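# Observations on the three-dimensional arrangement
As a plain string of letters, each chain reads:
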Amino acid sequence: TKRGHTSEDSISAMKLLRDADIEVVGQLMIGLPGAFPEVEAESAQMIVNGGCSAARIYPVIVLAGTELEEMYRSGVYMPLSVDEAAVRCASVLDILEENNVKVIRIGLSDSENLHDSSTYVAGPNHPAMGELVRGEKYYIKMQALLDGFYGEIKGKNAVFYVSSGQVSAAVGQGGRNRDRIMSEFDLKSVKMCEKAEVLKYNVLVDIF
């Protein structure tokens, strides 16, 4: 990314700040040129190991007048789609939150004039990226639960139970999770319900 410093420099800086009792917020970019999910997972772990108390996750978008735009126009760089960005952001979100690093933003602010063609060129610039990513976490968990039934649920009904206040995230933006699960597993119906004893991002399922 040509920032002029190495990963080791960043790790050293985080240690100095931590030793000085200064709060550190990590920033993680998803979809950089040459990056792939395993590298992004390592970067998320570096944020954890660096003692960051919070983090922001930004899928890379192509801005006008940058070297990245030149790479995009020449076909050297291909930005992530919105769906690809949601999946890869969900993976690093898991790592951060499971290690008690609070994620305070996912995606660029919708107020940053990034829909103007003079600024924005390409990439996953979605006004509700955070909602998509958190929904993707639920989709992955629901998918894994149903995989455990080994194809014995075709034509049946599924009720998923999530923690209080998480039904909207579980259903997914525009009902995308519900629709994908129903289609993928050929279910008759899919419903999401709250259950107080279920922890956030955990999911239980009943099949009938």
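For clarity, every value in this text was computed on a predicted model and none was experimentally measured. (Residues numbered from 1 in each chain as written. Predicted model: local features only at pLDDT ≥ 70, side-chain atom pairs only at ≥ 80, totals over all residues. Heavy atoms only, no water.)

## A look at the confidence of the model for the chain
Mean pLDDT over the chain stands at 92; residues scoring 70 or higher make up 98%. Within the chain, helix α3 (residues 67–73) carries the highest mean pLDDT (97), whereas helix α1 (residues 7–19) carries the lowest (92). (pLDDT = per-residue confidence, 0-100. Helix = DSSP H or I, 4+ residues; strand = E, 2+ residues; numbered from the N terminus.)

## Focus on the nonpolar core
If you look at the biggest cluster of nonpolar residues, it comprises 43 residues, and the most contacted ones within it are I57, L96, F160 and I181. Ignoring sequence-local partners within four residues, the contact set of F160 consists of M142, L146, I181, V190, K191, M192, C193, V203, L204 and V205. V60, V62, L68 and A122 belong to the second largest nonpolar core, which has 6 residues in total. (Core = buried A, V, L, I, M, F, W, Y, C linked by side-chain atoms within 4.5 Å. Buried < 20%, exposed > 50% of the residue type's maximum accessible area, 1.4 Å probe, protein only. Contact = heavy atoms within 4.5 Å.)

## Topic: the sheet that holds strand β6 (residues 157–162)
Across the sheet, 3 strands lie side by side as β7-β6-β8; this open sheet has mixed pairing. Two strands bound the open sheet, and with one partner strand each, they are β7 (189–194) and β8 (204–207). Each strand axis lies, on average, 20 degrees off the axis of its neighbour in the sheet, ignoring direction. Here β6 runs beside β8; their pairing, made up of 4 bridges, is antiparallel. By the bridge assignment for β8, Y161 is matched with L204. Relative to the sheet, helix α5 (residues 129–147) contacts β6, β7 and β8, its axis offset from that of β8 by approximately 45 degrees. Running over the sheet, helix α7 (residues 176–184) touches β6 and β7 and is turned about 140 degrees from β7. (Pairing = 2+ DSSP bridges. Axes fitted to C-alpha atoms, helices over the stretch in contact; angles between N-to-C directions.)

## Considering the side chain of N125
Relative to the elements of secondary structure, N125 occurs in the loop between β5 (120–122) and α5. When residues no more than four places from it in sequence are discounted, the contact partners of N125 are I61, L114, H115 and Y120.

## Digging into the sheet that holds strand β4 (residues 102–106)
One open sheet accounts for 3 strands, arranged β1-β2-β4; its pairing is parallel. In this open sheet, the two strands that pair with only one neighbour each are β1 (25–30) and β4. For this sheet the average axis-to-axis angle between neighbouring strands, irrespective of direction, equals 25 degrees. Sheet topology note: the β1/strand β2 (residues 54–59) ladder contains 6 bridges and is parallel. In the sheet register, L28 faces β2, and the bridge partner there is I57. With respect to the sheet, helix α2 (residues 37–49) is in contact with β1 and β2, its orientation differing from that of β1 by roughly 175 degrees.

## Comments concerning the layout of surface pockets
Within this model, the largest pocket holds a volume of roughly 720 Å³. As for the largest pocket, its lining consists of 26 residues, of which R3, S7, S10, Q27 and S43 are closest to the centre. Elements supplying a minimum of two residues to the lining of the largest pocket: α1, β1 and α2. Of the residues forming the lining of the largest pocket, the biggest block, 6 residues, is contributed by α2. Roughly 480 Å³ of internal volume is contained in the second largest pocket. Considering the residues around the second largest pocket, the lining is formed by 17 residues, among which T1, M29, L32, V60 and L68 are closest to the centre. Going through the elements one at a time, β2 and α3 are the ones with two or more residues in the lining of the second largest pocket. Take the lining of the second largest pocket: its biggest share by element is 3 residues, from α3. (1 Å grid on protein atoms, 1.4 Å probe; cavity = no way out; pocket = protein on both sides within 12 Å on 5 of 7 lines; lining within 4 Å. Points joined across faces, edges and corners; volume = space filled by probe spheres on them.)

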